[in-house]
Amino acid sequence: MKKRILAALLSSAMVVTLLAGCGATGAETTSEPAAATESGSAAGGKVGVSMPTKDLQRWNQDGANMEADLKAAGYEVDLQYASNDVQTQVSQIENMISSGANVLVIAAIEGSSLGEALDMAKEANIPVIAYDRLIMNSDAVSYYATFDNYKVGTVQGTYVKDTLDLDNAAGPFNIEFTAGDPGDNNAGFFFNGAYDVLKEYIESGKLNVVSGQKTFDEVATPTWGSDVAQKRAEDILSSYYADGTELDVWLCSNDSTALGVETALAANYTGKYPIITGQDCDIENTKNMIAGKQSMSVFKDTRTLAAQVVKMVGQILSGSTVDVNDTTTYDNGVKVVPSFLCDPVFADANNYKEILIDSGYYTEDQLK
Ligand code: BGC
């Protein structure tokens with residue numbers, strides 16, 4: 001009975017997954033949900049879920065979705081948030097291991113800094129799924145589940161290219177970049193995805209990076225903090241735009257950095273409002289999109305990712321083939337980690353109702 005309920009739950013999770021564009025698109029997939037196999041060991045067991053911080057809306061949603069889905073599938077859950085402090089995250093993971101976790105799901109604060117905890121997991125034979133962010137330089141990581149991070153960047157870059165009609169417009173247009181945390185392996189993928197689309201226009205002079213800051217290291221935002229992004233934006237605005245130079249685009253890798261840039265613009269810039277990109281569709285940023293203060297975001301449905309990871313947990317614990325659709329992209333320095341990439345979705349003021357409200361992600365009231 002329990003098995004049938006679990007099978008039904010996982011089947012419906014799979015339907016949600018497919019509808020949300022997270023369906024398997026390649027190799028090494030199973031056609032059946034794990035719990036429908038006869039091994040019968042999928043239900044039960046303890047899953048440690050380690051999240052980076054409660055400061056950013058998305059991780060609260062990720063954690064809540066993971067906890068609810070795992071519990072519904074019959075697992076005990078140990079969910080911890082590490083206040084963006086690496087040592088706290090290491091201790092929390094070690095506690096999860098000591099208290100008997102069978103699988104660990106980890107969204108790392110810093111991809112390369114979990115060494116001791118991962119060694120302990122490996123010794124105890126506990127499989128580790130890297131959640132959203134790849135865990136670097138360790139062979140203890142078994143699988144990786146995320147969104148297609150490079151594609152997030154290409155969606156942002158393509159938006160800029162299409163909106164400015166870069167192939168036809170005379171230009172030149174002025175642009176600045178703000179990328180993410182260098183300790184987060186995703187950040188480089190986002191930046192490169194966007195930059196690769198825009199590179200030819202920067203090289204031809206149609207896009208002019210007025211500050212001259214265009215390498216990842218120059219435009220990175222340690223901790224992804226809005227305050228950090230705001231400070232750098234203020235410095236750039238006062239150094240390069242105070243004379244009335246117009247800014248056409250500020251390409252931001254995500255919503256927390258976009259918020260910082262938006263705050264800096266509000267107080268320090270009076271020219272034509274630029275195109276601003278983002279990622280996550282956080283509530284504040286979605287409100288800003290509706291108000292015309294942010295041009296677009298990239299929606300990564302955390303329900304979809306959670307459902308996929310719960311499915312992978314079941315597959316691991318039941319010894320079935322684990323769903324992956326990418327076995328080449330994510331090299332963590334020690335191994336290429338078999339990955340499942342969900343599909344990110346373009347969002348703006350025109351389609352937010354359909355993708356965010358109609359899908360039940362937010363209520364209309366939350367966006368008022
Ligand atoms: C996530 C983004 C998020 C950023 C800051 C990245 O690893 O993929 O969705 O905006 O971290 O928390």
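Here, the structure is the one placed above.
Predicted model, so just to flag it, every value in this text is computed and none were measured.

I'm lost on unusual backbone geometry in this one. Help?
Negative phi is the rule for most residues except glycine; trans is the rule for most peptide bonds. Residue glycine 171 is joined to proline 172 through a cis peptide bond whose omega torsion reads -10°. Topologically, proline 172 is positioned in the loop between α5 (149-164) and β6 (173-178). At aspartate 165, a position not held by glycine, the phi torsion is positive, near 50°. Along the chain, aspartate 165 falls in the loop between α5 and β6.

Is there a simple way to think about the packing of α5 against helix α6 (residues 185-204) in this case?
Axes are the key here: two packed helices are described by the angle between their axes and the distance separating the axes. With their axes 7 Å apart at the nearest point, α5 and α6 run at an angle of 30° to one another. α5 and α6 meet at a crossing whose hand is right-handed. In this structure, α5 contributes Asn149, Tyr150, Val152, Gly153, Thr154, Gln156, Gly157, Thr158, Val160 and Lys161 to the contact, and α6 contributes Asn186, Phe189, Phe190, Asn192, Gly193, Ala194, Asp196, Val197, Leu198 and Tyr201. The class makeup of the residues in the contact of α5 with α6 is 9 nonpolar, 9 polar and 2 charged.

Explain the packing of aromatic side chains to me, please; I cannot follow it from the model alone.
Aromatic ring pairs: the centre-centre distance and the angle between the two ring planes describe each pair. For the structure on display, the rule yields 10 aromatic pairs. Taking 5.9 Å as the distance between ring centres and 55° as the angle between the ring planes, the aromatic pair formed by phenylalanine 191 and phenylalanine 216 counts as tilted. Pair noted here: phenylalanine 191 is in helix α6 and phenylalanine 216 is in helix α7 (residues 216-219), with a separation of 25 residues, a long-range link. For phenylalanine 216, a relative accessible area of 18% translates into the label buried. Connected via pairs of aromatic rings, a cluster forms that spans Phe177, Phe191, Tyr195 and Phe216.

What should I look at first to understand the site of the ligand in this one?
Around the ligand, the surrounding shell holds 13 residues, and the nearest of these are Arg58, Asp132, Arg133, Asp184 and Asp280. Separating an oxygen atom of the ligand from a side-chain N or O atom of tryptophan 59 is a distance of 3.1 Å. Here aspartate 280 contributes a side-chain N or O atom positioned 2.5 Å from an oxygen atom of the ligand. Within the complex, the protein chains bury 98% of what would otherwise be the 310 Å² of accessible surface of the ligand. Those elements that place two or more of their residues in the shell around the ligand are α2 (57-72) and α6. Partitioned by chemical class, the residues of the shell around the ligand number 4 nonpolar, 3 polar and 6 charged.

Mind showing me how you'd approach the environment of aspartate 85 here?
Relative to the assigned elements, aspartate 85 resides in the loop between β2 (76-81) and α3 (86-98). As a C-alpha pair, aspartate 85 and isoleucine 109 span 24 residues in sequence and 7.3 Å in three-dimensional space.

Hey, could you run me through α2 in this one?
Residues separated by three or four positions in an α-helix point in the same direction, a consequence of the helix having 3.6 residues per turn. With 16 residues, α2 extends 23 Å between its outermost C-alpha atoms, agreeing within 8% with the 22 Å of an ideal straight helix rising 1.5 Å per residue. Immediately beyond the C-terminal end of α2, within one or two residues, lies glycine 74, with a positive phi of roughly 95°.

It is not clear to me how the pattern of salt bridges should be interpreted in this structure. Could you clarify?
Pairing between side chains of opposite charge can happen when their charged atoms approach one another. Across all of its chains, the model carries 14 salt bridges by this definition. One salt bridge in this structure joins glutamate 76 and lysine 46, with 3.9 Å as the shortest N-O distance. You can see glutamate 76 sitting in strand β2 and its partner lysine 46 sitting in strand β1 (residues 46-51), a full 30 residues away along the chain. For glutamate 76, a relative accessible area of 49% gives the class partly exposed.

Here is what the cut-offs are and how they apply
Residues numbered from 1 in each chain as written. Predicted model: local features only at pLDDT ≥ 70, side-chain atom pairs only at ≥ 80, totals over all residues. Heavy atoms only, no water. Helix = DSSP H or I, 4+ residues; strand = E, 2+ residues; numbered from the N terminus. Axes fitted to C-alpha atoms, helices over the stretch in contact; angles between N-to-C directions. Left-handed = near helix turned anticlockwise from the far one by under 90°. Contact = heavy atoms within 4.5 Å. Nonpolar A, V, L, I, M, F, W, Y, C, P; charged D, E, K, R; others polar. Phe/Tyr/Trp six-rings, centres within 6.5 Å; stacked < 30°, edge-to-face > 60°. Buried < 20%, exposed > 50% of the residue type's maximum accessible area, 1.4 Å probe, protein only. Near = heavy atom within 4 Å. Polar contact = N/O pair within 3.5 Å; in protein donor to acceptor, adjacent residues only side chain to side chain. Areas by Shrake-Rupley, 256 points an atom, 1.4 Å probe, with all protein chains shown as cover. Expected span 1.5 Å × (residues − 1). Salt bridge = Lys/Arg side-chain N within 4 Å of Asp/Glu carboxyl O.

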